[in-house]
Amino acid sequence: MRRKLTLFIKIVIVIFVVTGTVIMFNGTADETGLTASGIYNLKYFTVLSNILCGIITLIDIIMLLALGKNINLLLRLVSVSAVGLTFAIIAFFLQPMYKEMNMYQNGNLWFHLIVPVTAMIGFIFFDSKTDEADIKMPFRYTFAAAIPSLIYGFGYLINILVNGVGEWPDTNDWYGFLNWGFPVGICIFAMVVIINWIVAILMRLLYNRFSNIEK
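### Overview of the overall build of the protein chain
Link 1 in the chain: What the protein chain contains, in helices and strands, is seven helices and zero strands.
Link 2 in the chain: The secondary structure elements of the protein chain, listed N-terminal to C-terminal, are α-α-α-α-α-α-α.
Link 3 in the chain: Taking 2.2 N^0.38 as the reference for a compact globule, 215 residues should give roughly 17 Å; the C-alpha atoms of the protein chain span a radius of gyration of 18 Å, in line with that estimate.
Link 4 in the chain: Its C-alpha atoms put the protein chain at 55 × 35 × 30 Å along the principal axes.
Link 5 in the chain: The burial tally for the protein chain puts 47% of its 215 residues in the buried class.
Link 6 in the chain: Contacts in the protein chain between residues at least 24 apart in sequence constitute 70% of all its contacts with a sequence separation of at least 6.
Link 7 in the chain: For the protein chain, the accessible area works out to roughly 11,200 Å², and carbon and sulfur atoms hold 72% of it.
Link 8 in the chain: Counting 14 positive and 12 negative side-chain charges, the protein chain places the averaged centre of each group 15 Å from the other.

Below is the structure:
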């Protein structure tokens, strides 16, 4: 029964990701500055992380149905930590800072809240019960889980170095991290990577806590 519930949750996650993607790509930029028009939404870590989560979850579903086993645990940790980072940044940083903006509307409702929360719940309470591993998740996995935000940060900064910051609304600094200068922007990105790592640590801790593996 638990395996069936796990499979059901994974299917729901994929449906949620597809729903959010369709809404996001068919929408237009809004006043939050966190959405663009059409394919240009791919510049946001939120969109990329949710799509990554959807792809890894879809592969996991196929493997469960075809082979009866999960995709590599590290890949699942990477995907859930990436959307967990998106959830944390919006919930605890951007939304409180910009209270006049609704960062949970349209496609962002799915990508900032629904997908991340569903993915984290599924990973902690269901994946931990069905994984075939005979050892707990090793701590070293948490470092690899922070790689997506590190790669994104490098790409973000390199794009600005090559093409310049630009002027709003066509700026290449769409998150506004360089408003206080390049050194501060780099520090902000470093903090984002650290938060990504902390999220991965928390996911690992809870996964191991609720696993079926003997203490």
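Continuing now.
### Topic: the packing of aromatic side chains
Link 1 in the chain: Applying the stated rule across the entire model yields 18 aromatic pairs.
Link 2 in the chain: Measuring from ring centre to ring centre gives 6.0 Å for Tyr44 and Tyr175, while their planes differ by 70°; the resulting arrangement is edge-to-face. Of this pair, Tyr44 sits in the loop between helix H1 (2-26) and helix H2 (45-67) while Tyr175 sits in the loop between helix H6 (147-163) and helix H7 (182-209); the two residues are 131 residues apart in sequence, bridging distant segments of the chain.
Link 3 in the chain: The exposure class assigned to Tyr44 is buried, which follows from its relative accessible area of 3%.
Link 4 in the chain: An aromatic cluster is present here, built from Tyr44, Phe45, Tyr152, Tyr156, Trp174, Tyr175, Phe177 and Phe189 joined pairwise through their rings.
Link 5 in the chain: Taking the ring centre of Phe210 as reference, the NZ or CZ of Arg209 above it sits at 5.4 Å.

### Let's talk about the pattern of salt bridges
Link 1 in the chain: Evaluated as defined, the whole model comprises three salt bridges.
Link 2 in the chain: The partner of Asp60 in a salt bridge is Lys10, and the shortest N-O contact between them spans 2.8 Å. With Asp60 in helix H2 and Lys10 in helix H1, this residue pair connects regions lying 50 residues apart in the sequence. Taken as a pair, Asp60 and Lys10 share a single burial class, namely buried.

Reading the values: rules and limits
- Residues numbered from 1 in each chain as written.
- Predicted model: local features only at pLDDT ≥ 70, side-chain atom pairs only at ≥ 80, totals over all residues.
- Heavy atoms only, no water.
- Helix = DSSP H or I, 4+ residues; strand = E, 2+ residues; numbered from the N terminus.
- Rg over C-alpha atoms; globule rule 2.2 N^0.38 Å.
- Buried < 20%, exposed > 50% of the residue type's maximum accessible area, 1.4 Å probe, protein only.
- Contact = heavy atoms within 4.5 Å.
- Areas by Shrake-Rupley, 256 points an atom, 1.4 Å probe, with all protein chains shown as cover.
- Lys, Arg positive; Asp, Glu negative; His and termini not counted.
- Charge placed at Lys NZ, Arg CZ, Asp CG, Glu CD.
- Phe/Tyr/Trp six-rings, centres within 6.5 Å; stacked < 30°, edge-to-face > 60°.
- Lys NZ or Arg CZ within 6 Å of the ring centre and 35° of its normal.
- Salt bridge = Lys/Arg side-chain N within 4 Å of Asp/Glu carboxyl O.

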